[in-house]
Structures are given as C-alpha cells and as structure tokens.
Amino acid sequence: MRVAVVGAGRIAEQHFRALAGIPGLEVAACDRSAATAEFAAERFRLARHATDFAALLAEWRPDVVHVTTPVGAHVPLALQSLAAGAHVLVEKPIAPSYTEWIELRDAAAAAGRWLLEDHPYQFSRPAQRVLGLIESGRFGEVVHVDATLCLDIAAPGSVFADAHYPHPSHAMPGGPISDFLSHLAAVACLFVGAHRSTRTLWRKRNSSSHATFDELRSLVEAERGTASLVFSASGQPDGFVVRVFGTRMTATMNLFEGSLSVQRGWPGNSALSPLLNGLVGGWDGAADAARSLRAKLAGRPESYHGLRALIVRVYAALRTGESPPITPDQIDAVQRLIDDLTAELKET
C-alpha cells in the first residue's frame, strides 16, 4: 500500500513514526521545502520524497494521503487526493469552516473514499479504558463531561507567540484557540453525543499576548448529557484534563500524560471509599507516570499515543474491509459543535 504524507513538519514526524511500525507500506514525504522533504525521507527511510504534490499524485498514485499541513491547505489538498482516488486522513481541524467540511464530505462520498479527521484522544489509553467501563455497564450512565485544556500559547518559544511569523490559526475565528477546539469538541461528542445548544464566553486575559483570545468557557447541552469545555492559556501546568461523571463512577484523565484515575463506590462502609479510591488511584497513577516517562525518554510522548493507535486502526480496517475507525457522522458532530462555539465571533 502506498502512502503519501503531505506537509513534512513537526506533526508529520508522529505520522511517519506510526507508519514505520506498520508492515507492507511504501511511504513518501511531500513538502514545498525540498530540504524538509529530503530530511524526512532520510530520517524515516522513506521510499520517496517530492515537492510537487500534483505530480506525486499523478505519478506515484498513493492509496492513502495524510494531510499534515497548516489548516489553510487542508481542503484543497484533501480534494486533490480524493480526486486522485486516495483515502485521506487530515490533521485537525479538518477544515477552516463547517461549509468547507461539507464540501470535503460530499467529495469523499462521491469518490467512494474514506475521509478521516485526526481525533487522537479518542484512541488514547485512558479514553479507551473509560469507554470499556462504559460499554461493560460498570461505569453507569454518563451524565456530564468536563474537559479543560491548559496551554500557555504566549510562552517564549511558542509557535503561537512569534510576531514575525504568525501562526496560521491567528486568522481563524478564536485565533490560536481554534487550533485546539477539535480536541475539546471531539471529547465532548465522544462521551455525551452530538450537541443541542451551547453558551460560550471568549476572553483575553493576557494583554501582552498576540492572540485575539486566550480563554474559552463553554457549557454544552448534548444528546446524552452535558459538557463544560475550557481552554486556558493562563492555567498551569499545561495539561488536558477530562473528567467523565457517571451514575456509578467518575473518571479523571490527563490526556497529555496518559494517566487515569477512577473513583467509585465500594461495598460496605461508604466512609472507606475515599481511602480505597486513593490507594488504587495512587498505584495506578504511579504506573501511568512511569509509562509516560519511558515514552518521553524514547521520543514517543503519551499525547501522541492515540494518534499512533488511530493510524494502526485505519490501515487494519482498510486491509480487512471493516468500517473506518472515525465516521463522517462523528466528524460532522465535532464540526457542528465548533461552528456553534465560534458563531458569535463570525458575526462581529
């Protein structure tokens, strides 16, 4: 199976690492920078590298294309790839607007090809463990999810803080926060379903930041429960903490670190439940911390584990004829939620 990765920058490295672990693939890198494409090919021992994407599609005819460029190029590159007969995996956000997502979705349906957005945290270890508890019935009914993503986008060295080379997300509604809305929206839709209504507050807390906004607070009413979504550039340390509240258990995940703790009621004296939860949680937390440290030392941080798991599932499903691991309906729910979260910004 031939695979082309277009855009050979930082996130593409994680795609190349994941693809390297899947047998039977020939992988090519394409980037407008010849040096970047060649470096990727040498570093990951790729079959080919190029700077002309149209020529690569025509001559090499990849079966799958990974679009890992800035968001402004996602739609045209994905449309080119679908027209060339390739399945397409696009980095988040899949499109700058809901209208452009619909254009992509319709093109994929007409071509009879898969179109997937990278929803990595759905396939992370903690999320999969919680989904397993929910499926088994042990978790009970999910009633609420609280997702808080803290990231200092104004920190020195941040790609979002460079005034001389502005990150493409600054041009999108919500500025750099828009680059992370897919993560928040995907987690909400995963646990409580498609949204029905939202109430959202956008704020700028740091006056020295180049970002239009650096804080987001939103309350979401969804099909199976409610959600609170938060982005904070000031809350520290950096982390992506998600709490899922059920009728029998509550789970707390740090998706940047790959950790999970579960609080539950224990049989017998309820006064012992906090102690028992603390003992079990402490043991699990130590094991998660050790695994996260090993992953970082090996250059494979836990925050990218879900991406690797997703890519492995994509190619396994393509070979066996199973359904894609992320469906158009799932992507549509995420894009509609993002559209509502940013609706008031588009009106001003």
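Bear in mind the structure is a predicted one, so any value in this text is a computation, not a measurement.

Moving on, we get to the overall build of the protein. Along its length, the protein carries eleven helices and 13 strands. Counting the 348 residues in the protein, one finds 50% classified as buried. When contacts within the protein are restricted to residue pairs at least 6 apart in sequence, those whose partners lie at least 24 apart make up 64%. In the structure as shown, the protein presents an accessible area of about 16,000 Å², 53% of it carried by carbon and sulfur atoms.

This part covers the sheet that holds strand β5 (residues 87–90). In spatial order, the strands read β3-β2-β1-β4-β5-β6; together these six strands make up an open sheet with parallel pairing. Across the chains shown, the open sheet's two edge strands, defined by having one partner strand only, are β3 (48–50) and β6 (115–117). Going across the sheet, the axis of each strand differs from the next one's by a mean of 20°, ignoring polarity. By the bridge criterion, four bridges tie strand β1 (residues 2–6) to strand β4 (residues 64–67) in an arrangement that is parallel. In the sheet register, V3 faces β4, and the bridge partner there is V64. Contacts from helix α2 (residues 34–43) reach β2 (26–30) and β3 within the one sheet, and its direction differs from that of β3 by about 170°.

The next point concerns unusual backbone geometry. Only a minority of non-glycine residues have a phi that is not negative, and only a minority of peptide bonds are not trans. Following K92, the chain continues to P93 via a peptide bond in cis, the omega torsion being -15°. With respect to the element layout, P93 can be found in the loop between β5 and α5 (98–111). One non-glycine residue, R61, adopts positive backbone phi at about 50°. By secondary structure assignment, the location of R61 is in the loop between α3 (53–60) and β4. Judged by its relative accessible area of 54%, R61 falls in the exposed class.

Residues V64 and H66 of β4 are buried on one face, and the alternating residues V65 and V67, pointing to the opposite face, are buried as well. Both β4 and β5 contribute to a ladder of four bridges, which runs parallel. Its bridge partner lying in β5, V65 is registered against V88.

A separate point is the side chain of S169. Its place among the elements puts S169 in the loop between β7 (142–150) and α7 (181–192). Owing to a relative accessible area of 1%, S169 belongs among the buried residues under this scheme. A distance of 2.9 Å separates polar atoms of two side chains, one belonging to S169 and the other to H167. Here S169 is in contact with F160, G175, P176, S178 and D179, once residues within four sequence places are set aside.

In this model helix α10 (residues 328–341) runs 20 Å from its N-terminal to its C-terminal C-alpha over 14 residues, within 8% of the 20 Å that 1.5 Å per residue would give. Among all positions of α10, only I331, D332, A333, V334, Q335, L337, I338 and L341 are buried.

Thresholds, definitions, all that
Residues numbered from 1 in each chain as written. Predicted model: local features only at pLDDT ≥ 70, side-chain atom pairs only at ≥ 80, totals over all residues. Heavy atoms only, no water. Helix = DSSP H or I, 4+ residues; strand = E, 2+ residues; numbered from the N terminus. Buried < 20%, exposed > 50% of the residue type's maximum accessible area, 1.4 Å probe, protein only. Contact = heavy atoms within 4.5 Å. Areas by Shrake-Rupley, 256 points an atom, 1.4 Å probe, with all protein chains shown as cover. Pairing = 2+ DSSP bridges. Axes fitted to C-alpha atoms, helices over the stretch in contact; angles between N-to-C directions. Polar contact = N/O pair within 3.5 Å; in protein donor to acceptor, adjacent residues only side chain to side chain. Expected span 1.5 Å × (residues − 1).

Such coordinate-based values are descriptive only and should not be taken to indicate function.
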